[in-house]
Each structure stands twice: as structure tokens, then as C-alpha cells.
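Spelled out from the first residue to the last, the chains are:
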Amino acid sequence: SVALCAKRGTSTGMSVSAPPTAASAGRQTIAFAASLVRQAGRSGAVAVFWVAAGAVLEGLGLALLVPLIGLIVSPGDALAWLPGWLGSEPNSRLAALVAVFVAVMVVRALVLRKRDMTLFDVQTAYTLDLRSQVVNTLASAPWERLAGVEHARITSLLTSDIGRIGVATHYI
């Protein structure tokens, strides 16, 4: 990165070496994830909770589809195992199951919205923190070392490279 290149005094920060191995790519991925976890802190834990809650509600919604489809396809005694409070008539059972399904889907939608907003906050905070670290490193580097760095590389790092890291945080 340019921050390392500014500290080392190299011109591009790019070395002519062999392509990364699977082991080095794995180490880089682990380092990236560890950096994200460190920066996210409590917000990251909250995001994990919302992701898990969304997954549970997705599963519950899918599980509720089984009795709904069963009542539509075979409204007879095929679903006698359903609780008595759903009624004894197929239409009342269908109405009750649809109401439960709709309630679960509404709660799911609210949880997924909260999940997405929390993940957005974590992602944005991480990329802003990373950009701030790069700028601070560049600001504290001696001029002699920065003079050899290509300005296009610094611009690319601060705009597109950190943006790509932000996208990667979304997928982690």
C-alpha cells in the first residue's frame, strides 16, 4: 500500500515478486477479518446478532410454508397435528396460518432492515477509519519519501482501493 511505501521510501509500493500463494492469501484474509472485527467492536457484535436473527426468521418463514401448502393442497385431515387454537375447519386453519405467516414476515422485514442498516454502519465506519489511517500515515511521512510516490497511486488508494475494501467488508 502507499502507506507502507511512504514509510519504506519506495516509489510505487509494488514489488516484483511471484503471485501470492494460497497460504499468503489466507493470511491476508484472516488479517483483514481481524482488522474489521477490531474496528467494529460492539457494533460488530450487534450486527452479528441481527444477521442471526434474520437467518432464524428466514428459516421460520420457510418452515411455515409447509403447513400452508399442505392446507392448500390437501385440506382434509392431513394436518391434524396442527394446534387446536387454529380451528377445526380447513379455512379457519388456513386463515390462522396465513396470519401467523404474515406476522413472521413483517417481523422478518423489520429485522432485515435493522440488519442492513447496522451492517452499513459497520462498513462505513471501517472504510472511514481505514482512509483516515492512510491519510495520517501519509501526513506523518517525511517529504523525501513521499516525493518518490506516484500521485496517481495515492489517489487510487484513497478513492477506489479503499472503496473496494468497503465492498469486501459487505461480503464478510
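Computed from a predicted model, the values in this text were never measured in an experiment. (Residues numbered from 1 in each chain as written. Predicted model: local features only at pLDDT ≥ 70, side-chain atom pairs only at ≥ 80, totals over all residues. Heavy atoms only, no water.)

### What to know about the overall build of the protein
Scanning the protein for helices and strands turns up 5 helices and 0 strands. Along its sequence from the N terminus, the protein presents helices and strands in the succession α-α-α-α-α. By the burial criterion, 27% of the 172 residues in the protein qualify as buried. Put simply, the protein shows about 11,100 Å² of open surface, and 67% of that area lies on carbon and sulfur atoms. (Helix = DSSP H or I, 4+ residues; strand = E, 2+ residues; numbered from the N terminus. Buried < 20%, exposed > 50% of the residue type's maximum accessible area, 1.4 Å probe, protein only. Areas by Shrake-Rupley, 256 points an atom, 1.4 Å probe, with all protein chains shown as cover.)

### Focus on a nonpolar patch on the surface
Where nonpolar side chains cluster on the molecular surface, the patch consists of Leu62, Leu65, Ile69, Ile72 and Val73 and spans about 500 Å² of accessible area. Summarising the element assignment, isoleucine 69 is placed in helix H2 (residues 22-73). (Patch = residues over 30% accessible without salt bridge, like charges linked within 9 Å, V, L, I, M, F, W, Y side chains within 5 Å. Salt bridge = Lys/Arg side-chain N within 4 Å of Asp/Glu carboxyl O.)

### Quick look at the packing of aromatic side chains
By the definition in use, this model includes 1 aromatic pair. Taking 5.0 Å as the distance between ring centres and 65° as the angle between the ring planes, the aromatic pair formed by phenylalanine 49 and tryptophan 50 counts as edge-to-face. (Phe/Tyr/Trp six-rings, centres within 6.5 Å; stacked < 30°, edge-to-face > 60°.)

### Quick look at the confidence of the model for the protein
With 81% of its residues at a pLDDT of 70 or more, the protein shows a mean pLDDT of 79. No element of the protein has a lower mean pLDDT than helix H1 (residues 2-8), which averages 46, and none a higher one than helix H3 (residues 90-140), which averages 88. For the stretch residues 1-16, pLDDT sits under 50, and the model shows 27 contacts to residues farther than four places along the chain or on other chains. (pLDDT = per-residue confidence, 0-100. Contact = heavy atoms within 4.5 Å.)

### Describing the nonpolar core
Core analysis: the largest hydrophobic core is formed by 15 residues, its most contacted members being Val122, Tyr126, Val134 and Leu138. Residue assignment for this core shows that the elements contributing at least two residues are H2, H3 and helix H5 (151-171). For this core, the leading source of residues is H3, giving 5 residues. Those residues within four positions of valine 122 in sequence are excluded, and the remaining contacts are Leu36, Gln39, Ala40, Ser43, Gly44 and Ala47. Grouped together as the second largest cluster of nonpolar side chains are 5 residues, Ala53, Leu57, Leu64 and Val104 included. (Core = buried A, V, L, I, M, F, W, Y, C linked by side-chain atoms within 4.5 Å.)

### Details of H2
Spanning 52 residues, H2 covers only 51 Å between terminal C-alpha atoms, well under the ideal 76 Å at 1.5 Å per step. Of all the bends in H2, the greatest, near 100°, is centred on glycine 41. (Expected span 1.5 Å × (residues − 1). Bend = angle between axes of the 7 residues up to and from the residue.)

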